[in-house]
Amino acid sequence: MDSPPLSLKDDGFTMAPTAPFDSSKDEMERLEEELKKWKKRVEAAEKVKTYLLLCQSSAMEECDKVEDGLIKLKNLQEKQHKEAVMSRDTHERELYVLNQENAELKREIEKLEEDLAECSLMLSRYSQINKEVAEMKMKFAYMEDTKDDYQDMNTHCVFGVTTKIPFRLDQNQVLLTFEDEEVAQRLIKIGKHTVNLDNKTADMRVIPFTLEMGIKFKLHVTISGKKISVSEVPELSIPEDWMRDKLEVNFYKSEHGGGEVENVNYDKQSRTAVITFLRPGATNSFVRCTEYPCFVNGTWYRLPVSPDTNVKLENLQLYCGISKKTILLEGIKEMEGDEESVQDMIKIHFQKPSNNGGEIEKIKYASKGVTWVCFEEDA
């Protein structure tokens, strides 16, 4: 069965079957040209194939890289998630600990506030202590001898200091101090006492009381025989060396009680100076002198002077405050009479031997409000 020849077209090339038995030279040349074109097409296709294979390989490498990146990113996300969870747990634990510490601090603050309130009460209760210590006069004990019979011009002495013990006496309470300890102890054993007060009777009872601790110590005072202390040195706009020289010149004058100066220790900030004389005993002339005339820059000044002292505290002790001669009474109701009259009636009652009383050394009755009394150590 014969069929008509079919034409083939591809990329502008046309292929048609040749007529049978056509072997002309032109036809062969045309076929060779056609073959060359196909070879070129095959080479081009091979190049495209190679390029596509390279692209595929590169794409696969990129894909692998992306997949690795995704895996790393996923791992990083998982790690960050775990760290976030761990961090959250850590923060929660830290927050719990902080809350616990905060609660503990609040409790401590509350306790400190309670302690502060108690301390304030104690300070209020013992507000007289500083005053008593500050105003207390030292009791001279004895003169100290120098060691190894060494003769110096310094004065060595010892003072005994004992603090007073404050005691709070509440309203309508009475403190009685007897001359005889046995009287106080006898009244304490009896306990209750009926006292006539202005045609009224008061059932008074002895109540126990305790005193706080007292403080006593010794002060070893050395008064220099060569040095004096000077204060209120005028503050002038001159160098310190100049002021030191002017002090030396002024205290060198014997007509005012001075003498040859060995050294001047001047402190401009505190406006004080320590003058050391060359001759031992030179400070004796300043014993009764509290001021010294000083001429500086055309002006006379009177500078306060005092012996230079060295104080050493020793034998600091706490002693228990016990008063065996004193009793504390309460049970008095509000009285119309004045405090002194009621106090006299109480004193008369407890002075009578028939009431088991005795001679009273001191008495204190608090008719209104709170008052403070002070106990001193017996000599």
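Our subject is the structure listed above.
Residues numbered from 1 in each chain as written. Predicted model: local features only at pLDDT ≥ 70, side-chain atom pairs only at ≥ 80, totals over all residues. Heavy atoms only, no water.

Peer 1: Could you clarify how one ought to interpret the pattern of salt bridges in this entry?
Peer 2: Oppositely charged side chains are able to pair whenever their charged atoms sit close together. Counted under the stated rule, the structure contains 9 salt bridges. Residue Lys226 is joined to Glu262 by a salt bridge in which the shortest nitrogen-to-oxygen separation is 3.2 Å. Placement of the pair is Lys226 in strand E9 (residues 213–230) and Glu262 in strand E10 (residues 261–267), with a sequence separation of 36 residues. Under the relative-accessibility criterion, Glu262 is labelled partly exposed at 45%. (Salt bridge = Lys/Arg side-chain N within 4 Å of Asp/Glu carboxyl O. Helix = DSSP H or I, 4+ residues; strand = E, 2+ residues; numbered from the N terminus. Buried < 20%, exposed > 50% of the residue type's maximum accessible area, 1.4 Å probe, protein only.)

Peer 1: Whenever I open this one, the side chain of His156 confuses me. Can you help?
Peer 2: Tracing the backbone shows His156 in strand E4 (residues 155–162). There is a polar contact of 3.3 Å between the side chain of His156 and the side chain of Thr222. (Polar contact = N/O pair within 3.5 Å; in protein donor to acceptor, adjacent residues only side chain to side chain.)

Peer 1: I'm lost on helix H5 (residues 339–351) in this one. Help?
Peer 2: Quick reminder: α-helices carry 3.6 residues per turn. Residues three or four places apart thus point the same way. For H5, built from 13 residues, the straight-helix expectation of 18 Å at 1.5 Å per residue is met to within 8% by its first-to-last C-alpha distance of 18 Å. Taken together, the buried positions of H5 are Val342, Gln343, Ile346, His349 and Phe350. In an axial view of H5, the angular spread of the buried residues amounts to 125°, which keeps them on one side of the axis. Of the surrounding elements, those touching the buried residues of H5 are strand E6 (173–178), helix H3 (181–190), strand E7 (192–197), strand E14 (326–330) and strand E15 (360–366). (Expected span 1.5 Å × (residues − 1). Arc of directions from axis to C-beta. Contact = heavy atoms within 4.5 Å.)

Peer 1: I tried to follow the side chain of Thr177 on my own but got confused; where do I start?
Peer 2: Mapped onto the elements, Thr177 comes out in strand E6. Under the relative-accessibility criterion, Thr177 is labelled buried at 14%. For Thr177, the contacting residues outside a window of four places in its chain are Lys325, Thr326, Ile360, Glu361 and Lys362.

Peer 1: Would you explain the sheet that holds strand E8 (residues 200–207) in this entry?
Peer 2: Within a beta sheet, neighbouring strands are joined by backbone hydrogen bonds and run either parallel or antiparallel to one another. Strand order in the open sheet formed by 5 strands is E7-E8-E14-E6-E15, and the pairing between neighbours is antiparallel. The open sheet terminates on both sides in strands that have one partner only, identified here as E7 and E15. Across the sheet, the mean angle separating the axes of adjacent strands is 30° when strand polarity is ignored. Relative to E8, E7 runs antiparallel, the two sharing 6 bridges. Along E8, the bridge assignment pairs Thr194 with Asp203. Strand contacts of H3: E6, E7, E8 and E14, with the helix running at about 35° to E14, the strand carrying the most contacts. (Pairing = 2+ DSSP bridges. Axes fitted to C-alpha atoms, helices over the stretch in contact; angles between N-to-C directions.)

Peer 1: Hey, could you run me through a negative patch on the surface in this one?
Peer 2: On the surface, a cluster of negative charge is made up of Glu179, Asp180, Glu181, Glu182, Glu359 and Glu361. For Glu361, the position within the fold is in strand E15. (Patch = residues over 30% accessible without salt bridge, like charges linked within 9 Å, V, L, I, M, F, W, Y side chains within 5 Å. Areas by Shrake-Rupley, 256 points an atom, 1.4 Å probe, with all protein chains shown as cover. Lys, Arg positive; Asp, Glu negative; His and termini not counted. Charge placed at Lys NZ, Arg CZ, Asp CG, Glu CD.)

Peer 1: In this structure, what is going on with the packing of aromatic side chains? I would like to understand it.
Peer 2: How two aromatic rings sit relative to each other is given by the distance of their centres and the angle of their planes. On inspection of all chains with the given rule, the structure shows 2 aromatic pairs. Plain terms: the ring middles of Phe251 and Tyr292 are 4.2 Å apart, the flat faces sit at 10° to each other, and that makes the pair stacked. Taken together, the residues Phe251 in helix H4 (residues 240–251) and Tyr292 in strand E12 (residues 291–296) connect sequence positions 41 residues apart. The residues Phe251 and Tyr292 share a single accessibility class, namely buried. Its end group placed over the ring of Trp38, Arg41 keeps NZ or CZ at 4.2 Å from the ring centre. (Phe/Tyr/Trp six-rings, centres within 6.5 Å; stacked < 30°, edge-to-face > 60°. Lys NZ or Arg CZ within 6 Å of the ring centre and 35° of its normal.)

Peer 1: Please clarify how the nonpolar core should be interpreted in this entry.
Peer 2: Nonpolar side chains tend to gather and get buried jointly when the protein is soluble and globular. If you look at the biggest cluster of nonpolar residues, it comprises 21 residues, and the most contacted ones within it are Val230, Leu247, Phe251 and Ile275. When contributions to this core are tallied by element, the ones reaching two or more residues are E9, H4, E10, strand E11 (272–277), E12 and strand E13 (299–320). Residues within four places of Val230 in sequence aside, it is in contact with Phe251, Arg271, Thr272, Ala273, Ile275, Leu303, Pro304 and Val305. (Core = buried A, V, L, I, M, F, W, Y, C linked by side-chain atoms within 4.5 Å.)

Peer 1: For this particular structure, what's the right way to read unusual backbone geometry?
Peer 2: Across residues other than glycine, the phi torsion is negative in most instances, and most of the peptide bonds are trans. Although it is not a glycine, Asn297 sits at a positive phi angle of roughly 50°. Judged by relative accessible area, Asn297 falls into the partly exposed class, the value being 46%. Of note, Asn356 is a non-glycine position whose phi angle comes to about 65°, a positive value. For Asn356, the location among the structural elements is in the loop between H5 and E15.

Peer 1: I would appreciate a short explanation of the pairing of E12 in the present structure.
Peer 2: Across a regular strand the side chains alternate sides, sitting on one face of the sheet and then on the other. Relative to E13, E12 runs antiparallel, the two sharing 6 bridges. Pairing of Glu291 across the sheet is with Pro304, part of E13. Hairpin remark: E12 followed by E13, antiparallel, with 2 residues in the connecting loop; positive phi at Asn297, about 50°.

Peer 1: What should I look at first to understand a positive patch on the surface in this one?
Peer 2: A cluster of like positive charges, contributed by Lys36, Lys37, Lys39 and Lys40, occupies part of the molecular surface. Within the secondary structure, Lys36 is located in helix H1 (residues 25–125).

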